[in-house]
Amino acid sequence: MRLSLVYGLVLLLAGLVVAFAPLPVSAHSEAATRIIRVEASQYAYSPSVIEVNPGDTVTLQLVSTDVVHGLYVDGYGVSVQADPGQTRTLTFVANRPGSFRIRCNVTCGAMHPFMIGKFNVGRNTTWVRAAGLMLIGMVGISLFPRPKAHEAEST
Amino acid sequence: MSKLELTGIPVVKAAVKSRGPQLVIATLLLAGYVFAIMAGWIGTPVGNANFSIVFVWIAWWAILILVAVPLLGRGWCAVCPIPLPGEWIQRGAILAPAERRPKWLNRRWPKSLRNIWLQSAGFLLLALFSSVLLTTPSVTAIVLAAMLFAAIGLSMVFERRAFCRYLCPVGGFIGLYSQTAPVELRIKDKRECVTCEGKPCYRGSQNGYGCPWDVFPGGLSKNTYCGLCMECIRTCPKDNVSINLRAWGADLERPSARLDEAFKAFIMLGSAMIYAGVLLGPWGVLKNAAYQVGTPAWLLYASVFLGITLLLLPGLFALCTLPFRNRRTFKMNFASFSSALIPLGLMFWIAFSLSFVLTNGTYIAASLSDPLGLGWNLFGTAKIAWQPLLSSLVAPMQTLALLVGLIWAVRTAQRVSSKAQRSAVPVSAFCLVMTLGMLWLLV
């Protein structure tokens, strides 16, 4: 019982560290100004994944190649819309690290709700932290005693 | 954890014993269902502005997978409107049993089809067309109408709820995942059933109908095939049937040895991962392939979909259950270890649905005011702008769901391993790899 409690506390602590501890900043993460041309067509963005560094001043140039499209950045709550052939720009400071979805915010056709891209600010730490939690979970489940199966097997 | 008998609470017992409340809810849902069919036909072709798409694939789906299945198991089946008209016709009555039964064919469902293979095939068929189904109101209307008429037709040919039990593509996975739910319908004392004359819970009586799900409640040991219709509670002359609150996943302590259920688990797990990649990922080429039904790209997509769900995942999993002494032990180990994929799959679907539902949730308010997309504004919410809900919380909630699913799956595998005398490590590793893959697709 006592050992289980110790294991539990250690795992909880490890989980909290993995989930919330600040990660070392990458050596190549000096803030810069980035201008990125994003082409939108049914139902994709090109490039589909945009990579910037934390602190970058980002200008997205949205160009629509078929119908009216929009670009909304999750987590930042900023958006822009562009008519076909028109270029519209959206400038903001990427001050929140992580991986965010970009989404079309103008109904552009049947698959509109699924017109999605990715906006990565620095490393995708969310995935790294989440994967770390999964591994801690695996360690935890192997440390605690296994339950016995019932004798009968239902069909 | 001991069980708490919910039907021991007088108000709950009265509500369950009476057929009225259930009928009222199901009838209202039937009205909504018929309206969804109508909206799909005559409403706007813009999916995210049409009641049929928004209320079926966002609102209903959210309630089903985020609330009803994890908390109530087959709770949705208890009030599902699809079997209602067929059942009324079959019974010749709407509420209490009729004095004279109408003369329909009343055939037994073929013995060779008494499994969930047809449900899995139906689900896969819809899944291959899901990009069109989820976004095109007229296609949703056709599928909803087809399910309603199939249920009616089968009720006139076969006894009981043949559609629900053997064909409904939704019922198949609800049944599978209902094993994880903290609610069950069970008998209280098996000895009472042994001495019970006539078995009215199965055959029916003047107090109620024989089990519409073709289940003898005295033999119930898991939730999979009990539709929570409550008829056995009404017909049992010894008050020997109860609804209980129990530990989550109690049915998984007795893993199934059936291959049809095992493959259902693979189909659901694989589908959740494919949907996460195709619908929520940044790859436009996948979205177009999934949407352009009939094109070579779609044929390739369909082949890959079927290959992953029916060959790749089961094949990799089979390797995790090796070595085996003979075919029988292989089948037993393969099927019983696959019960680990039930909580894993449920949590995959919850993680997928959190993103899908919260991103598109604002369409519900808009569609409520203008269900047909004709410019109405019934409740003043038609002009609500699209806005993702709780977007900063989606990834943490998905991570938590996947973590719970992984731990639950490994625990289930450990239970099976102690009985099968086979290490749980390979199956646990399989679950970990799948979870990391799903995490990569979602976060």
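Now for a look at the structure at hand.

Rules used throughout
In every chain, residue numbers begin from 1 and rise along the written sequence. Naming scheme: in the order in which they are written, chains are lettered from A and ligands are numbered from 1. The predicted nature of this model means local features are confined to residues of pLDDT at least 70 and side-chain atom pairs, given and counted, to a pLDDT of 80 or more, with totals for whole chains, interfaces and linings taken over all residues. Heavy atoms throughout the structure, all of them, feed into the side-chain values; hydrogens and water do not. One bridge is not enough; two strands pair if DSSP finds at least two bridges between them. A run of H or I in DSSP becomes a helix once it reaches four residues, and a run of E becomes a strand once it reaches two; helices and strands are each numbered from the N terminus. In this analysis an axis means a line fitted to C-alpha atoms, helices contributing only their contacting stretch, and an angle means the value between N-to-C directions, from 0 to 180 degrees. Throughout, a contact is declared for two residues whenever any of their heavy atoms are within 4.5 Å. Should a side-chain nitrogen of Lys or Arg be within 4 Å of a carboxyl oxygen of Asp or Glu, the pair is scored as a salt bridge. Three exposure classes are used, based on accessible area relative to the maximum for each residue type with a 1.4 Å probe and protein chains only: buried under 20%, partly exposed in between, and exposed over 50%. By convention, a stacked pair of Phe, Tyr or Trp rings (six-membered ring in the case of Trp) has centres within 6.5 Å and planes under 30 degrees apart, an edge-to-face pair has planes over 60 apart, and any other such pair is tilted.

### Some points on the sheet that holds strand 4 (residues 57–64) of chain A
All names here are of chain A.
Thought 1: The strand order across the open sheet formed by four strands is 2-1-4-7, and the pairing between neighbours is mixed. Each end of this open sheet is capped by a strand with a single partner; those strands are strand 2 (44–46) and strand 7 (87–93). Shown here is a sheet whose adjacent strand axes are inclined to one another by a mean of 25 degrees, direction ignored.
Thought 2: Bridge analysis of strand 4 against strand 7 gives seven bridges, and the strand direction is antiparallel. Bridging from a neighbouring strand, threonine 59 pairs with threonine 91 of strand 7.

### Notes on the sheet that holds strand 5 (residues 241–245) of chain B
All names here are of chain B.
Thought 1: Read from one edge of the open sheet, three strands run 1-5-2, paired in antiparallel fashion. The open sheet has two free edges, formed respectively by strand 1 (4–5) and strand 2 (183–187), since each of these has just one partner strand.
Thought 2: Note that strand 1 and strand 5 share two bridges and pair antiparallel. Pairing of leucine 4 across the sheet is with leucine 245, part of strand 5.

### Thoughts on the environment of alanine 302 of chain B
Thought 1: Its location among the elements puts alanine 302 of chain B in helix 16 (residues 296–320).
Thought 2: For the pair alanine 302 of chain B and glycine 47 of chain B, spaced 255 residues apart in sequence, the C-alpha to C-alpha distance is 23 Å.

### Here we look at the side chain of threonine 224 of chain B
Thought 1: Within the secondary structure, threonine 224 of chain B sits in the loop between strand 4 (208–209) and helix 13 (231–235).
Thought 2: Those residues in contact with threonine 224 of chain B that lie beyond four places of it in its chain are Arg74, Gly175, Leu176, Ser178, Gln179 and Glu261 of chain B.

### What to know about the pattern of salt bridges
Thought 1: Per the counting criterion, the structure on display carries 24 salt bridges over all chains.
Thought 2: Where arginine 37 of chain A meets glutamate 39 of chain A, a salt bridge forms, and the shortest distance between an N and an O atom there is 3.1 Å.
Thought 3: Its relative accessible area of 45% is what places arginine 37 of chain A among the partly exposed residues.
Thought 4: The class of glutamate 39 of chain A is partly exposed, set by a relative accessible area of 31%.
Thought 5: Residues arginine 191 of chain B and aspartate 189 of chain B are paired through a salt bridge, measuring 3.2 Å at the closest nitrogen-oxygen approach.
Thought 6: The exposed category is assigned to arginine 191 of chain B, whose relative accessible area is 62%.
Thought 7: When salt bridges that share partners are traced, they join Lys3, Glu184, Arg186, Arg246 and Asp251 of chain B into one network.

### Considerations on the packing of aromatic side chains
Thought 1: Evaluation of the coordinates by the stated rule reveals 33 aromatic pairs over all chains.
Thought 2: With 5.7 Å between their ring centres and 15 degrees between their planes, phenylalanine 114 of chain A and phenylalanine 356 of chain B make a pair best called stacked. With phenylalanine 114 of chain A in the loop between strand 8 (98–103) and strand 9 (116–121) and phenylalanine 356 of chain B in helix 18 (residues 341–360), this pair bridges two chains.
Thought 3: Both rings, one in tyrosine 275 of chain B and one in phenylalanine 352 of chain B, keep their centres 6.0 Å apart while their planes meet at 35 degrees; by these two values the pair is tilted.

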